[in-house]
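Analysis of the macromolecular model
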Amino acid sequence: MPRPTDIGVIDLMMGIPKGPTDDSWRRFLGTQLRDQESRETYRFPAEYMYKSLPDQRFSADGAKAVLLEMDRWGVEHGMITVSHEDELAVAALRAHPDRFLGAFPVDPNAGMEGVRALRRAVEELGVVAASAMPSGLNPPVPINDKRFYPLYAACIDLDIPIFVCAGVPGPRIPFAAQEVALIDEVCWFFPELRFVTRHGCEPWVDLAVKLLLKWPNLYYSTSAFAPRYYPKEILDFANTRGADKVLYAGYFPMGLSLERIFTELDELPLHEHVWEKFLRTNALKVLGRAAEGA
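This structure is a prediction, so every number in the text was calculated from the model and none was measured.

**Focus on the overall build of the chain**
- The secondary structure content of the chain amounts to 11 helices and 8 strands.
- For the chain, whose C-alpha radius of gyration is 18 Å, the value lies close to the compact-globule estimate of 19 Å for 294 residues.
- On the principal axes, the C-alpha backbone points of the chain span a range of 45 × 45 × 40 Å.
- Of all 294 residues assigned to the chain, the portion counted as buried reaches 57%.
- If you take every contact in the chain between residues at least 6 apart in sequence, the share linking residues at least 24 apart comes to 75%.
- Positive and negative charge centroids in the chain, built from 32 and 40 side chains respectively, lie 3 Å apart.

As structure tokens, this is what we get:
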């Protein structure tokens, strides 16, 4: 079934560029990066995987560049990472609350101060979700580590979902903290938590599908993958028992252009009843009350 073009798309992973000299990702990953390419040459943490970075990634007027592409491709709302320290993202969210949704990157190594920071972000910045890259933290924190538990509990209390990278990460850092099997314990201990995976879950996609079937509040988003590389197991799942569990997320302008994403989406073999759920309504369900008005 061809992709419908009259759906107000919700893209669950976008970003606001910080200009041509931005290296915040390198500071975030810090001492974990050991190979020379990553530390000295790359403009992006997994540049060996993304050969043609979008021009907008290096724009000096980040929000404007992103909004122009959103309008061009029918993206009604884009989820961006927002923290108190990221002035550009905060400004974009405040200037365009009708277009951007904020996700706050949590730090389980910060203990209760990390929990308080999440609560402040919801109250002061209006973020609607939490996010985490377990392997990218310093030090890394496994998905089921007790340091994450106060944050998971806070997400339930705040009625927001958490988006968590799962599977082998693109940057050249160890993957152990993001093994998909670790999600099982979290869903068991926190059945109310709306937990959304990011970045593919490879090479454990079969296991991810089993867990998606098992746990009602576990979801899968397609972030960081060009549509032609979406795992077959996920497409089969979306077309059958998983129509309500798979959510669209891109990777613009970090590594993929919206032009490439939407051109390839047009070739995706999704069934007619799946498209609107995939591109919009599943996101609204996961975001819950935080997405009212979207």
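**Observations regarding the environment of phenylalanine 262**
- Tracing the backbone through its elements, the reader meets phenylalanine 262 in helix α10 (residues 258–265).
- The class of phenylalanine 262 is buried, set by a relative accessible area of 0%.
- Between the C-alpha atoms of phenylalanine 262 and proline 134, which are 128 residues apart in sequence, the distance is 29 Å.
- When residues no more than four places from it in sequence are discounted, the contact partners of phenylalanine 262 are Arg3, Val9, Trp73, Val75 and Tyr248.

**What to know about helix α7 (residues 182–189)**
- Of the positions making up α7, those classed as buried are Leu182, Ile183, Val186 and Cys187. Down the axis of α7, the smallest arc covering the buried residues is 130°, so these residues share one side.
- Lining the buried residues of α7 we find α6 (149–158), β6 (195–198), α8 (205–214) and β7 (218–221).

**Some remarks on the pattern of salt bridges**
- Applying the stated rule across the entire model yields 19 salt bridges.
- A salt bridge links aspartate 266 to arginine 3; the nearest nitrogen and oxygen atoms lie 2.7 Å apart. Of this pair, aspartate 266 sits in the loop between α10 and α11 (275–287) while arginine 3 sits in the segment before β1 (9–14); the two residues are 263 residues apart in sequence, bridging distant segments of the chain.
- Taking the relative accessible area as the measure of exposure, aspartate 266 reaches 35% and is therefore partly exposed.

**With respect to the packing of aromatic side chains**
- Enumeration over the complete set of coordinates arrives at 15 aromatic pairs.
- Note on tyrosine 149 and tyrosine 152: the rings are 6.2 Å apart at their centroids and 50° apart in plane angle, and the pair reads as tilted. Note that tyrosine 149 and tyrosine 152 are positioned in helix α6 at a spacing of 3 residues, about one turn of the helix. Judged on exposure class, the residue tyrosine 149 and its partner tyrosine 152 are both buried.
- Among the aromatic residues, those joined into a ring-pair cluster are Phe148, Tyr149, Tyr152, Trp188, Phe189, Phe190 and Phe195.
- Over the face of the ring belonging to tyrosine 219 we find lysine 245, whose NZ or CZ atom lies 5.5 Å from the ring centre.

**Let's talk about the sheet that holds β1**
- The strand order across the open sheet formed by 8 strands is β1-β2-β3-β4-β5-β6-β7-β8, and the pairing between neighbours is parallel. The open sheet has two edge strands, β1 and β8 (246–247), and neither has a second partner.
- Taken together, the 4 bridges between strand β5 (residues 162–165) and β6 define a ladder with parallel strand orientation. Along β6, the bridge assignment pairs phenylalanine 163 with valine 196.
- Each of β2 (75–81) and β3 (100–105) touches helix α4 (residues 87–95); the most contacted strand, β3, lies at about 145° to it.

**As for unusual backbone geometry**
- Cis peptide bonds are those with omega within 30 degrees of zero, and the linkage from glutamate 202 to proline 203 qualifies with 5°.
- Relative to the helices and strands, proline 203 is located in the loop between β6 and α8.
- Each neighbour pair has its own omega, and for phenylalanine 252 with proline 253 the value is 0°, a cis peptide bond.
- Mapped onto the secondary structure, proline 253 falls in the loop between β8 and α10.
- At cysteine 201, a position not held by glycine, the phi torsion is positive, near 65°.
- By secondary structure assignment, the location of cysteine 201 is in the loop between β6 and α8.

Conventions we followed
Residues numbered from 1 in each chain as written. Predicted model: local features only at pLDDT ≥ 70, side-chain atom pairs only at ≥ 80, totals over all residues. Heavy atoms only, no water. Helix = DSSP H or I, 4+ residues; strand = E, 2+ residues; numbered from the N terminus. Rg over C-alpha atoms; globule rule 2.2 N^0.38 Å. Buried < 20%, exposed > 50% of the residue type's maximum accessible area, 1.4 Å probe, protein only. Contact = heavy atoms within 4.5 Å. Lys, Arg positive; Asp, Glu negative; His and termini not counted. Charge placed at Lys NZ, Arg CZ, Asp CG, Glu CD. Arc of directions from axis to C-beta. Salt bridge = Lys/Arg side-chain N within 4 Å of Asp/Glu carboxyl O. Phe/Tyr/Trp six-rings, centres within 6.5 Å; stacked < 30°, edge-to-face > 60°. Lys NZ or Arg CZ within 6 Å of the ring centre and 35° of its normal. Pairing = 2+ DSSP bridges. Axes fitted to C-alpha atoms, helices over the stretch in contact; angles between N-to-C directions.

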